[in-house]
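# Observations on the model geometry
Residue-level listing of the chains:
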Amino acid sequence: MSSTIQKKEEESKKIELAKDEFLAMITHELKTPLVPIQGYSDMLLGEHLGPLSKNQKDRLQVIRSSAVSLLQLISDLLDAQKLELGQLRIKKSNNDLKETIETTVVSMQPQALADQIKLTHNLNRTIYANYDDERIIQVLTNLIKNSLKATLPKIGKIEISVEENPKEFIVSVKDNGRGIPNEAIDNVFKKFYQVDTSSTRESGGSGLGLSICKGIVEAHGGRISVQSKVNEGSMFSFTIPKSEFSKTPL
């Protein structure tokens, strides 16, 4: 009897794995037609193929924006599936944490300026650590995007800071936004979970960003957490373990 149950459990696991692998494959293939849609939209908006009227540009901007949003959603789904399957590639190398943070801030600064929110960091020295630069930029970008959605124009502030202890570096993204209710704190890193506010519904999102951040950080051997108070802001922190490559030049 027990062998029959065990056999059924093994078959069930195989079916679930096959379904996950199929979803990962389909998600990857969905990106293929979207890339030229975005590319040609950019080309047309740049008037490389001829002049456009304002109405034409407005319609093309909607096409481009929709393609970008859909590409982001598909990328999130693909990363979530890879994490589920244990297939997300982490390519660690010796990187400068200051440079990684500055690269992220520069890329997010246009959106922060458009939203009239102050985005800064406090790191003024070179710190080397062993991590995947692209994936940590992905984590920081996701956290900054969440803070941008949570803060108000003109008074909004987001600061990235770094602390260290003998075993790890601690990177924090702090904002003075609306905060997260206590009952939601334990769920924010779960897949597809979204804090239920009118602003989050308006701004959209897959509810995958923070779960992907958690998976990437844990794949580095670190951990991620959040501290928050309603109407006072939130601070998301993640750690990068030190290794023989980690050093702080004098």
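Note that the structure is predicted; figures quoted are calculated from it, not measured.

## Re the overall build of the chain
- When helices and strands are tallied, the chain shows seven helices and seven strands.
- Walking the chain from its N terminus toward its C terminus, one meets helices and strands in the order α-α-β-α-β-β-α-β-β-α-α-α-β-β.
- Relative to its 250 residues, the chain shows a buried fraction of 37%.
- Excluding contacts between residues fewer than 6 apart, the proportion of contacts in the chain whose partners are at least 24 apart in sequence is 72%.

## Details of the pattern of salt bridges
- Applying the stated criterion across every chain, the model contains nine salt bridges.
- Between Glu 164 and Lys 242 there is a salt bridge; the shortest N-O distance is 2.7 Å. Taken together, the positions of Glu 164 in strand 4 (residues 157-164) and Lys 242 in the segment after strand 7 (233-241) put the pair 78 residues apart, joining distant regions of the chain.
- Among the charged side chains, a network of salt bridges with common partners joins Arg 125, Glu 164 and Lys 242.

## Here we look at helix 4 (residues 133-150)
- In a regular helix each residue adds 1.5 Å, so 18 residues correspond to 26 Å; helix 4 covers 26 Å between its end C-alpha atoms and thus fits that length.
- For helix 4, the buried fraction is high: 13 of the 18 residues fall into the buried class.
- Its side-chain oxygen at 3.1 Å from the backbone nitrogen of Glu 134, Asp 132 defines the N-terminal cap of helix 4.

## As for the environment of Ile 144
- Tracing the backbone shows Ile 144 in helix 4.
- Put simply, Ile 144 and Leu 119 are 25 residues apart on the chain and 8.7 Å apart in space, counted from C-alpha to C-alpha.
- The residues touching Ile 144, leaving out its near neighbours within four places in the chain, are Thr 104, Met 108, Leu 119, Ile 158, Ile 160 and Val 173.

## Notes on the packing of helix 2 (residues 54-85) against helix 7 (residues 209-219)
- Running from amino to carboxyl end, helix 2 crosses helix 7 at an angle of 45°, the nearest separation of the two axes being 10 Å. What the angle tells us is that helix 2 and helix 7 run oblique. Helix-helix and strand crossings are classified by hand; for helix 2 and helix 7 the assignment is left-handed. Judged by residue contacts, Asp 76, Asp 79, Ala 80 and Leu 83 of helix 2 engage Ser 211, Ile 212, Gly 215 and Ile 216 from helix 7.
- Here the residues of the contact of helix 2 with helix 7 are counted per class, giving four nonpolar, two polar and two charged.

What counts and what doesn't
- Residues numbered from 1 in each chain as written.
- Predicted model: local features only at pLDDT ≥ 70, side-chain atom pairs only at ≥ 80, totals over all residues.
- Heavy atoms only, no water.
- Helix = DSSP H or I, 4+ residues; strand = E, 2+ residues; numbered from the N terminus.
- Buried < 20%, exposed > 50% of the residue type's maximum accessible area, 1.4 Å probe, protein only.
- Contact = heavy atoms within 4.5 Å.
- Salt bridge = Lys/Arg side-chain N within 4 Å of Asp/Glu carboxyl O.
- Expected span 1.5 Å × (residues − 1).
- Polar contact = N/O pair within 3.5 Å; in protein donor to acceptor, adjacent residues only side chain to side chain.
- Axes fitted to C-alpha atoms, helices over the stretch in contact; angles between N-to-C directions.
- Parallel < 35°, antiparallel > 145°, perpendicular 65-115°, else oblique.
- Left-handed = near helix turned anticlockwise from the far one by under 90°.
- Nonpolar A, V, L, I, M, F, W, Y, C, P; charged D, E, K, R; others polar.

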